[in-house]
Amino acid sequence: TASSDEDKTTAKKTAKPKEAKAPKESKAPKVPKEPKPRAPRKPAAGRKTQAAKSLKDSEASVLAGMERKKLDNDYRAKIGGIQTDCPEETGAEESGTNEGSSQAGLGVKKEEVDAEDFTFDEPCLKKQKTSAACMGKPTNLPSSEAQSLRNELNMNWDLIEVLSHLTCVERWVCANIIMLLREENTVPFMVRYRKDMINHMDADAVRDVQMVYEELCSLAKRTQSVVQTLKKDGVLTAELEQNLRSCRSADELDHVYSPYKKGSKLTKARRAKALGLEDAASALMNTPHTLDLRAWIKPGTEGLSSVEEVATGVEHILADMMAKDPETLTYEQAKPVQGHKTKAGPEQNKNKDIDKFQLYFDFTCNIQRIQPHQTLAINRGESLKILTVKVNIPDRVKSDFTRWCINNRWRPKTFAKEELHAIIRNAVEDSYKRLILPFLTRSYRTKLTSAAEKESIAMFVRNLRQRLLVCPVRGCVIMGVDPGFRHGCKLAILSPTSQILHTDVVYLHNSNQQREAEKLRHLMTKYSCNRVVIGNGTACRETESFFADLISRRYFHPLDVSYCITNEAGASIYSVSPEAVQEMPDLDPNLRSAVSIGRRVQDPLAELVKIDPKHIGIGTYQHDVSAGALKTALDGVVQECVSFVGVDINICSEILMRHVAGLNAGRARSITEWREQHGPFINREQLKLVKGMGPKSYQQCAGFIRINPQTLSRYQSKQSSSNQAPEVPEKPAAKKGKGKTGVNVSTSFNPLDQTCIHPESYHVAQRYSTHKHTRTLEQQPTPLAKELARTLDTTPETLKLIIDGLTQPPGFDIRQNFGQADFKRGVVSMSDLRVGAVLTGRVDNTALFGAFVDIGVGRAGLIHKSNITLDKLPVSQRRRSLALGPGERVEVRVLNVDLQRGRIGLDLIRVLQ
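Residues numbered from 1 in each chain as written. Predicted model: local features only at pLDDT ≥ 70, side-chain atom pairs only at ≥ 80, totals over all residues. Heavy atoms only, no water.

### Observations concerning the sheet that holds strand β7 (residues 562-566)
Phase 1: Taken together, the five strands give an open sheet; going across it, the order is β5-β4-β3-β6-β7, and neighbouring strands pair in mixed fashion. Looking at the sheet topology across the chains shown, the edges are occupied by β5 (500-506) and β7. Strand-to-strand twist across the sheet, computed as the mean angle between neighbouring axes with direction ignored, equals 20°.
Phase 2: Where strand β3 (residues 478-482) and strand β6 (residues 531-535) come together, four bridges link them in parallel fashion. (Pairing = 2+ DSSP bridges. Helix = DSSP H or I, 4+ residues; strand = E, 2+ residues; numbered from the N terminus. Axes fitted to C-alpha atoms, helices over the stretch in contact; angles between N-to-C directions.)

Quick look at the structure:
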């Protein structure tokens, strides 16, 4: 553990950075005053403004990576600590440019040279106001619904106002999002078809608002549970209930509730109140000139036998009141206390992982500058009992707090004797040391952890989205290779439509290489296969070299063969999953892996949705963040990507269908069964015939489902050859179900069903197609859009979507704008690299400290985030925290090559468009 001398180390002053003027924030709701027995003197006007800031205002000042308000520079918060990373992450940080905390050594790392800080001039988009001017229609919740919402929460703050303040989104947008969520609308549906109501926010921003909204609802629900528990225990008072219902965070709620939990020791304040000293405490604050402590003495009663015991009891009551007073807590948390410092030291044990933590021994860092990955690593080291962490708050914070309490908030209303002033001073000191200081320490650690988890999850989200939206490689036969040594390389040859043509095993790394090469040539010639996809697992480099050698000798002539390396993370897990067994029941699990590897290039989205996103190999620190929050975020991204790309309802798999907005496993199964019984869907309207498909489900999914005429033609030609007609019920009988009646649907094909236009807008699309300004609007949409939208009785956003749907070519895929897998014919080794060499590569993965780039040498190089600067990025990417994600092509310069450790440091030159 860290020595006591180290714990007492005070923070050194740092130069005060120039702070940009903070943007104007929405006004925080006022905290209602509590019905307390005393009424302290009101603070002066200047101080009242400071104290009236909400608790969440102060939270923003310590969250790493988030926009902060302009802070008082008298104090600065420091946090330092020992941090541990898993071997790969620690090593990755140490590679690259070896800057900042990546430098080796056991000396104390000083915060002044903060090479790891990566903050652009502009704040993160998702933390900004959505717009200075309303782009949509400002509305408010209907009064009845707003009142119902307030009654449901039963808290002392307004949900919409608090939500707007915490998310930096306008009130009217927050009100609309709450209304849409309460109507069970999905995020993809809102983002595409309700743009005017959410002010053109993207999916990530909407999910952020949704997450905060759910957190506030969860807080209100837990508060109600606590109130009921305390009422049942007979300890609930009006004052305590007001305090509980004024809480705006789980930390605040725990702070107020913890003394009353069952099993907790009776607090000093409660013991003093049980002796009847609460009236004495109230008199001390309101009418001190009438208070005589001697009148409260009761000889023989413990706690009341002397003036000193009475004074001590009054101090404990006042200390408790101060620690739970919202205005006092707000003042203390809003102060940008600078001397926050964490120090960490190794535990005195022989833990085998201790060497991984050397980077963070005696680590000290400013609490406002600590990086998210450092926070998560500190927490990991602490949980492994390898590191100890301490938050030090300098004495000047205590002095300032004491002065404010005595002179303002907790100043007696009338004249008081010196002995009574001494009681107040002692109460302030006791409250700060025993109650407020531990609360602040917990609060800072919680906020840092929460911010780090959010940043880490955001990294996962961005990486997953870009991995799923990689452009598919269509129209060619592909050979998937799962490389291996002892058990051979598993092969799977796939048709252009991902059907399995052949599977086999070849042993490329033994003495019979020539025979295996001939076998490969025979298979590739037989199936006209000229694309090879190799998984990046064991024996990848050796297998790549084998194919590269054959290609260089034109061994497959006349075929022009090329290969690519793809990430095989999760393929082994998927190969033994129930879904894989159902899809490929006759295949060996190892051969299923080869099929999965090949399909990841043919159609990455359709294949990767079969695998738990946590197993795809994206992001870092996934075991250090909330599993529930991570799963919710990643599932949301999968739903978003599948919905925005769209699915051909007649050929897509049941697994892919589950992730369409508005559908789930049950509805996807019902659609598959309907398709098997009645043949392909002729139009979207037939979805209403499917079991479990109610009006809301249909509304949410219809716009993301496509009816491809080519698929229908193939099916109809197949049916005509077998002289069978599809069974499509024209007038189905009433279906038995929960409130469902018979539905009449059309049996004719609608061309709009192959577009992104929602069925609710078909009538507008039909009127638009006959309008005289149609061609002019498609060429110059901006000038006439608003006028025509009014004429067609729709919104400009819906009209633009209709224009896009009508002008996009058949089979349009939004993934066409994303990069494809890179196929090559030769191999370059790490030993061929030279410092200063300029190369092109593709981002393979990103972490909180940089981006890993595949430059084709078998080892990914690291671009440390200090080398990802604003001037090197396209304008469209300058608002993102790290600005790079998987799949992006970049031009890089080699900074250093460490052959022994297998590490490559890169500098970003530019992002290739």
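Moving on from the model shown.
### A look at the pairing of β3
Phase 1: By the criterion of burial, β3 is predominantly enclosed, with five of the five residues buried.
Phase 2: Alternating positions in β3 separate into two faces, I478, G480 and D482 on one and M479 and V481 on the other, with burial throughout.
Phase 3: Turn length for the β3-strand β4 (residues 489-494) hairpin, with the two strands adjacent in sequence and antiparallel, is six residues, and the turn residue G488 shows positive phi of about 80°. (Buried < 20%, exposed > 50% of the residue type's maximum accessible area, 1.4 Å probe, protein only.)

### A closer look at the state of the cysteines
A covalent bond between the sulfur atoms of two cysteines is referred to as a disulfide.
Phase 1: Scanning the model with the defined rule gives zero disulfides in all.
Phase 2: C529 provides the cysteine sulfur closest to C476, a residue in no disulfide bond, and the two sulfurs are 7.9 Å apart. (Disulfide = S-S within 2.5 Å.)

### Digging into the nonpolar core
One broad trend across soluble globular proteins is that nonpolar side chains are buried collectively.
Phase 1: Membership of the largest hydrophobic core comes to 113 residues, with the highest contact counts inside it found for M201, L244 and I671.
Phase 2: The leading source of residues in this core is helix α10 (residues 203-233), at twelve residues.
Phase 3: The next biggest cluster of nonpolar side chains, apart from the first, holds 35 residues, and it includes L284, M285, M322 and V397. (Core = buried A, V, L, I, M, F, W, Y, C linked by side-chain atoms within 4.5 Å.)

### A closer look at the packing of aromatic side chains
Phase 1: Overall, the coordinates contain ten aromatic pairs when judged by the stated rule.
Phase 2: Here F401 and Y432 contribute two aromatic rings whose centre-to-centre distance is 5.5 Å and whose plane-to-plane angle is 35°, an arrangement assigned as tilted. One end of the pair, F401, is in helix α18 (residues 395-409); the other, Y432, is in helix α19 (residues 418-468), and 31 residues separate them in sequence.
Phase 3: Classification of F401 by relative accessible area gives buried; the value is 0%.
Phase 4: Take Y432: its relative accessible area is 4%, and that puts it in the buried class.
Phase 5: An aromatic cluster of at least three residues, connected via ring pairs, comprises F189, Y193, F644 and F704.
Phase 6: The cationic tip of R409 hangs over the ring face of W410; the distance from NZ or CZ to the ring centre is 5.6 Å.
Phase 7: Stacked on the ring of Y444, the Lys or Arg K447 has its end atom at 5.5 Å from the ring centre. (Phe/Tyr/Trp six-rings, centres within 6.5 Å; stacked < 30°, edge-to-face > 60°. Lys NZ or Arg CZ within 6 Å of the ring centre and 35° of its normal.)

### With respect to the sheet that holds strand β10 (residues 838-847)
Phase 1: If you trace the five strands once around the closed barrel, you get β10-β11-β12-β14-β13, paired in mixed fashion. Here the strands of the sheet are splayed against their neighbours by 50° on average, with no regard to which way each runs.

### Quick notes on the confidence of the model for the protein chain
Phase 1: Put simply, the protein chain has an average pLDDT of 78, and 77% of its residues get 70 or more.
Phase 2: Every residue in residues 338-342 is under pLDDT 50, and counting partners more than four places away or in other chains gives 46 contacts.
Phase 3: Throughout residues 730-740 the model reports pLDDT below 50, and contacts reaching past four residues in sequence, or to other chains, amount to 19 contacts. (pLDDT = per-residue confidence, 0-100. Contact = heavy atoms within 4.5 Å.)

### A word on the pattern of salt bridges
Side chains that differ in sign of charge can pair as their charged atoms come close.
Phase 1: Throughout the structure, instances matching the rule amount to 36 salt bridges.
Phase 2: Of the charged contacts in the structure, one is a salt bridge between R194 and E760, with a shortest N-O distance of 2.8 Å. Note that R194 is positioned in the loop between α8 (187-193) and α9 (195-198) and E760 in the loop between α30 (709-721) and α31 (762-769), a separation of 566 residues in sequence.
Phase 3: For R553, the salt bridge identified is with D549, shortest N-O distance 3.3 Å.
Phase 4: With relative accessibility at 46%, the residue R553 sits in the partly exposed group.
Phase 5: Classification of D549 by relative accessible area gives partly exposed; the value is 37%. (Salt bridge = Lys/Arg side-chain N within 4 Å of Asp/Glu carboxyl O.)

### Remarks on helix α17 (residues 372-383)
Phase 1: Under the 1.5 Å per step criterion, the end-to-end length of α17 is 17 Å for twelve residues, consistent within 8% with the ideal 16 Å.
Phase 2: For α17, the set of buried residues is P372, H373, Q374, T375, L376, A377, I378, N379, R380 and G381. (Expected span 1.5 Å × (residues − 1).)

### Observations regarding the packing of helix α12 (residues 250-257) against α19
Phase 1: Interhelical geometry of α12 versus α19 gives an angle of 155° and a closest axis separation of 10 Å. Judged by the angle between their axes, α12 and α19 are roughly antiparallel. Crossing of α12 over α19 shows right-handed handedness. Contacts between α12 and α19 involve D251, E252 and H255 from the former and L435, F439, R442, S443 and T446 from the latter.
Phase 2: Tallied by class, the residues present in the contact of α12 with α19 amount to two nonpolar, three polar and three charged. (Parallel < 35°, antiparallel > 145°, perpendicular 65-115°, else oblique. Left-handed = near helix turned anticlockwise from the far one by under 90°. Nonpolar A, V, L, I, M, F, W, Y, C, P; charged D, E, K, R; others polar.)

### Side note on the packing of helix α6 (residues 159-167) against α10
Phase 1: Where α6 contacts α10, the axes come no closer than 10 Å and their chain directions differ by 135°. In this view, α6 runs oblique relative to α10, as classed from their interaxial angle. The two elements α6 and α10 cross, and the hand of that crossing is right-handed. On α10, the residues touching L159, V162, L163, L166 and T167 of α6 are V209, V212, Y213 and L216.
Phase 2: Tallied by class, residues from the contact of α6 with α10 come to eight nonpolar, one polar and no charged.

### Quick word on α6
Phase 1: Extensive coverage of α6 is indicated by the burial of seven of its nine residues.
Phase 2: When α6 is considered as a whole, its buried residues turn out to be L159, I160, V162, L163, S164, H165 and T167.
Phase 3: Capping of α6 at its N-terminal end is provided by D158; its side-chain oxygen lies 3.3 Å from the backbone amide nitrogen of I160.
Phase 4: Of the residues one or two after α6, C168 is the one with positive phi, at around 60°. (Polar contact = N/O pair within 3.5 Å; in protein donor to acceptor, adjacent residues only side chain to side chain.)

### A look at unusual backbone geometry
Phase 1: Backbone torsion omega between H557 and P558 reads 10°, so that peptide bond is classified as cis.
Phase 2: Looking at the element boundaries, P558 is found in the loop between α21 (540-552) and β7.
Phase 3: Of note, C168 is a non-glycine position whose phi angle comes to about 60°, a positive value.
Phase 4: Within the element layout of this structure, C168 appears in the loop between α6 and α7 (171-182).

### Describing the side chain of Q602
Phase 1: By secondary structure assignment, the location of Q602 is in helix α24 (residues 589-602).
Phase 2: Among the polar contacts made by the side chain of Q602, one reaches the main-chain carbonyl oxygen of S495 at a distance of 2.7 Å.
Phase 3: Residues within four places of Q602 in sequence aside, it is in contact with P472, V473, C476, I478, L494, S495, P496 and S498.

### Observations concerning the pairing of β7
Phase 1: Most of β7 sits out of view: four of its five residues are buried.
Phase 2: Looking at chain direction, β6 and β7 are connected through five bridges and run parallel. Bridging across to β7, R531 finds its partner in S562.
Phase 3: Regarding the hand of the β-α-β motif, the stretch spanning β6, α21 and β7 is right-handed. (Right-handed = clockwise from strand over helix to strand, strands pointing away.)

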